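Residue-level listing of the chains:
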Amino acid sequence: MTVTSTNPTKGAVARLIVLALVVVAAPIIVSLAIGQGARGALVSLAGICAAMATVGIGVRAGLMVALFMGFGSALVALASSSWPIAALAMAVVAFGFGLTAKRGWQTALAWIPSSLGFVAADAANLGSDLGTISVQLGVAFTIWGLVTVGILRLLPVDLPLPNAPAVSDSRALAYAALLAVTAVITTSIAIAGDLGHPGGWLIMTPFIVLQPYVQKGWDRSLRRAGGTLVGFAMAYLGASVIAQSWLLYVVGIVSYAIAMYALLRQWDYVVYAAFLTLAIVILEGVGTSIEMTAEYRLEATAGGVVLSLVAMALALPLYRRAARKYQLEEY
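Enquirer: Would you take a moment to explain the side chain of Thr182 for this structure?
Expert: Looking at the secondary structure, you find Thr182 in helix 8 (residues 169–192). The buried category is assigned to Thr182, whose relative accessible area is 3%. Setting aside its immediate chain neighbours within four residues, Thr182 contacts Pro206, Leu210, Leu307 and Ala311.

Here it is, written out as structure tokens:
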């Protein structure tokens with residue numbers, strides 16, 4: 001269930017850190033043990049999606065998200081063999097996610113389209129038999145999502161997930177359409193250009209940057225860019241001074257816990273983006289090259305931010321006209 005306390009106790013902070021350790025680390029440890037390291041980070045995304053939905057909306061929502069992520073990851077993995085089909089699939093996901101703004105659920109569900117974007121971008125690199133891969137991902141996503149909801153029932157987080165204010169049907173529809181258009185563009189570039197994992201960052205960025213109101217989107221774009229630069233610098237520094245892989249994994253997981261704490265405590269978005277960048281760059285790059293992972297992530301995020309800014313600029317006249325029509329202060 002969703003908790004409304006805003007003064008976290010030491011126990012709440014400890015539970016959040018433990019939750020981050022389990023949700024993110026367990027799939028990575030298992031996948032490394034069976035020689036499938038690249039899949040562990042993907043599977044951990046299912047746990048993050050289920051956890052965010054459970055904390056932000058409720059247990060029933062968490063269970064539904066776990067099942068949806070299993071089904072959705074399998075379909076998106078299959079669709080990744082053809083960029084037009086993958087682009088269409090991600091457009092449908094983006095449109096559906098945009099409509100949840102009517103309930104103010106964007107924060108709780110924000111990881112869903114981003115995670116499926118990573119599946120679309122990464123699936124081709126997980127093996128040649130997409131049919132088998134899609135089934136494996138679907139099963140793993142479902143199981144880990146359900147397990148995460150169970151963990152949250154036993155280890156509740158006493159920190160509320162900040163919900164965005166609900167918007168009108170027309171504004172949610174416009175937001176959904178804008179997300180769908182950008183998803184078509186980013187997914188097409190990622191799949192047709194065979195960008196691999198960096199393509200996932202390209203697909204993800206508009207889902208984070210774009211907001212139902214353009215004014216908030218501009219602010220989010222700047223803070224996202226700033227946080228990415230800070231996280232990029234921290235990852236580079238960490239890779240240069242830490243040689244042990246196990247210690248890098250610890251840094252990555254702890255950084256994720258800090259990012260989630262920053263989000264739940266509603267700290268400046270720059271802090272959240274910086275530690276999230278640090279966490280994912282390290283967790284994704286420790287098996288190959290953290291420096292290269294950071295560079296690719298920075299380039300892809302920059303591309304996503306630029307696309308988002310262009311999309312908002314093009315939509316701005318329509319948003320302003322609607323704001324004047326309905327006498328809204330925001331547009």
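Enquirer: I tried to follow the side chain of Ser134 on my own but got confused; where do I start?
Expert: If you trace the backbone, Ser134 turns up in helix 7 (residues 130–154). You can call Ser134 buried: its relative accessible area is 4%. With residues up to four places along the chain from it excluded, the contact list for Ser134 reads Ala74, Ala77 and Leu78.

Enquirer: Explain the environment of Val18 here, please?
Expert: Counting through the fold element by element, Val18 comes out in helix 1 (residues 10–33). In this structure the C-alpha to C-alpha distance between Val18 and Ala257, which are 239 residues apart in sequence, comes to 8.4 Å.

Enquirer: Before we go on, may I ask you to explain the packing of helix 3 (residues 59–79) against helix 6 (residues 111–122) in this structure?
Expert: Any two packed helices are characterised by how steeply their axes cross, that is the angle between the axes, and by the distance between the axes. The contact between helix 3 and helix 6 brings their axes to 9 Å, and the two run at 30°. Classed by the angle they form, the pair helix 3 and helix 6 counts as roughly parallel. Like other packed secondary-structure pairs, helix 3 and helix 6 cross with a definite hand, here right-handed. Of the residues in helix 6, those touching helix 3 at Val65, Phe68, Met69, Gly72, Ser73, Val76 and Ala77 are Ile112, Ser115, Leu116, Val119 and Ala120. Broken down by class, the residue content of the contact of helix 3 with helix 6 amounts to nine nonpolar, three polar and no charged.

Enquirer: Quick question: what am I supposed to make of the environment of Tyr261 here?
Expert: Along the polypeptide, Tyr261 turns up in helix 11 (residues 245–264). Placed 241 residues apart in sequence, Tyr261 and Ala20 show a C-alpha to C-alpha distance of 9.9 Å.

Enquirer: What am I meant to see in helix 6 here?
Expert: One full turn of an α-helix is made of 3.6 residues, so residues set three or four places apart face in the same direction. Relative to the 16 Å expected for 12 residues at 1.5 Å per residue, helix 6 spans 16 Å between its end C-alpha atoms, a close match to the ideal helical length. By the criterion of burial, helix 6 is predominantly enclosed, with 12 of the 12 residues buried. Of the positions making up helix 6, those classed as buried are Trp111, Ile112, Pro113, Ser114, Ser115, Leu116, Gly117, Phe118, Val119, Ala120, Ala121 and Asp122.

Enquirer: Mind showing me how you'd approach the packing of helix 4 (residues 83–99) against helix 6 here?
Expert: Relative to each other, helix 4 and helix 6 sit at 170°, their axes nearing to 9 Å. Relative to helix 6, the element helix 4 lies roughly antiparallel. Residues Met90, Val93 and Phe97 of helix 4 pack against Pro113, Leu116 and Gly117 of helix 6. Partitioned by chemical class, the residues of the contact of helix 4 with helix 6 number five nonpolar, one polar and no charged.

Enquirer: Is there a simple way to think about the pattern of salt bridges in this case?
Expert: A side chain with one charge can pair with a side chain of the opposite charge if their charged atoms come near. In the structure shown here, the tally under the stated rule is one salt bridge. Note that Arg223 is salt-bridged to Asp268, the shortest N-O span being 2.7 Å. One end of the pair, Arg223, is in helix 10 (residues 214–241); the other, Asp268, is in the loop between helix 11 and helix 12 (269–285), and 45 residues separate them in sequence. The class for Asp268 is partly exposed, based on a relative accessible area of 37%.

Enquirer: How should I be thinking about a nonpolar patch on the surface in this particular structure?
Expert: A cluster of nonpolar side chains, Val181, Val184, Ile185, Ile189 and Leu195, forms an exposed patch at the surface whose accessible area comes to about 380 Å². With respect to the helices and strands, Leu195 occurs in the loop between helix 8 and helix 9 (197–209).

Enquirer: Please explain the packing of aromatic side chains as it appears in this structure.
Expert: Taken as a whole and judged by the stated rule, the model has three aromatic pairs. Plain terms: the ring middles of Phe97 and Phe207 are 6.3 Å apart, the flat faces sit at 85° to each other, and that makes the pair edge-to-face. Pair noted here: Phe97 is in helix 4 and Phe207 is in helix 9, with a separation of 110 residues, a long-range link. Exposure class is identical for Phe97 and Phe207. Each is buried. Plain terms: the ring middles of Phe118 and Trp201 are 5.2 Å apart, the flat faces sit at 90° to each other, and that makes the pair edge-to-face. On the criterion of sequence distance, the pair formed by Phe118 in helix 6 and Trp201 in helix 9 is long-range, its members being 83 residues apart. Residue classification places Phe118 among the buried positions, given a relative accessible area of 4%. Residue classification places Trp201 among the buried residues on the basis of a relative accessible area of 2%.

Calculation criteria
- Residues numbered from 1 in each chain as written.
- Predicted model: local features only at pLDDT ≥ 70, side-chain atom pairs only at ≥ 80, totals over all residues.
- Heavy atoms only, no water.
- Helix = DSSP H or I, 4+ residues; strand = E, 2+ residues; numbered from the N terminus.
- Buried < 20%, exposed > 50% of the residue type's maximum accessible area, 1.4 Å probe, protein only.
- Contact = heavy atoms within 4.5 Å.
- Axes fitted to C-alpha atoms, helices over the stretch in contact; angles between N-to-C directions.
- Parallel < 35°, antiparallel > 145°, perpendicular 65-115°, else oblique.
- Left-handed = near helix turned anticlockwise from the far one by under 90°.
- Nonpolar A, V, L, I, M, F, W, Y, C, P; charged D, E, K, R; others polar.
- Expected span 1.5 Å × (residues − 1).
- Salt bridge = Lys/Arg side-chain N within 4 Å of Asp/Glu carboxyl O.
- Patch = residues over 30% accessible without salt bridge, like charges linked within 9 Å, V, L, I, M, F, W, Y side chains within 5 Å.
- Areas by Shrake-Rupley, 256 points an atom, 1.4 Å probe, with all protein chains shown as cover.
- Phe/Tyr/Trp six-rings, centres within 6.5 Å; stacked < 30°, edge-to-face > 60°.

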